[in-house]
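# Overview (structure and organization)
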Amino acid sequence: VQLQASGGGLVQAGGSLRLSCAASGGDFSIIAMAWYRQAPGKQRELVARIFSGGITNYADSVKGRFTISRDEAKDTVYLQMTSLKSEDTAIYYCYANVRQRATNIYWGQGTEVTVSS
């Protein structure tokens, strides 16, 4: 399974961005997809996650500002980010937990988000 992420960029504080991540390749079913991020000098952290049934989880730091959604037909997950802050600056990684013959985890290549204050 390949995860292709896009949508990062440079934005001013208070602005918005939408990240996309499409899963493709082989025969699989999605258990959950998520976005993680890693800021310079910090550990990778969960930003938001969506399960196949539609249940979502968010990091406290992004609740009310970020929305994760999924297009099941396209095996694509989106992260709508609003009211961006400088502390949102990070590399954002797409994650997928899929069911094939076994349960496997895949990571996308990362897309950079830079929020200028």
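Structural notes, computed from the coordinates.

What counts and how
- Residues numbered from 1 in each chain as written.
- Predicted model: local features only at pLDDT ≥ 70, side-chain atom pairs only at ≥ 80, totals over all residues.
- Heavy atoms only, no water.
- Disulfide = S-S within 2.5 Å.
- Helix = DSSP H or I, 4+ residues; strand = E, 2+ residues; numbered from the N terminus.
- Buried < 20%, exposed > 50% of the residue type's maximum accessible area, 1.4 Å probe, protein only.
- Salt bridge = Lys/Arg side-chain N within 4 Å of Asp/Glu carboxyl O.

### Notes on the state of the cysteines
In this structure the tally under the stated criterion is one disulfide. The residue that forms a disulfide with Cys 21 is Cys 94, at a sulfur-sulfur distance of 2.0 Å. Taking the torsion about the S-S bond as the criterion, the Cys 21 to Cys 94 disulfide, at about -85°, is left-handed. With a gap of 73 residues between them, Cys 21 in strand 3 (residues 17–24) and Cys 94 in strand 9 (residues 90–99) connect regions that are remote in the sequence. Like Cys 21, the residue Cys 94 is buried in the burial classification.

### A look at the pattern of salt bridges
Counted according to the given criterion, the structure contains five salt bridges. In this structure, Glu 45 and Arg 37 form a salt bridge, with 2.7 Å as the shortest nitrogen-oxygen distance. A relative accessible area of 34% means that Glu 45 is categorised as partly exposed. In this structure, the salt-bridge partner of Asp 60 is Lys 63, at a minimum N-O distance of 3.1 Å. We classify Asp 60 as exposed; its relative accessible area is 64%. Through salt bridges that share partners, Arg 37, Glu 45, Arg 65 and Asp 88 make up one connected network.

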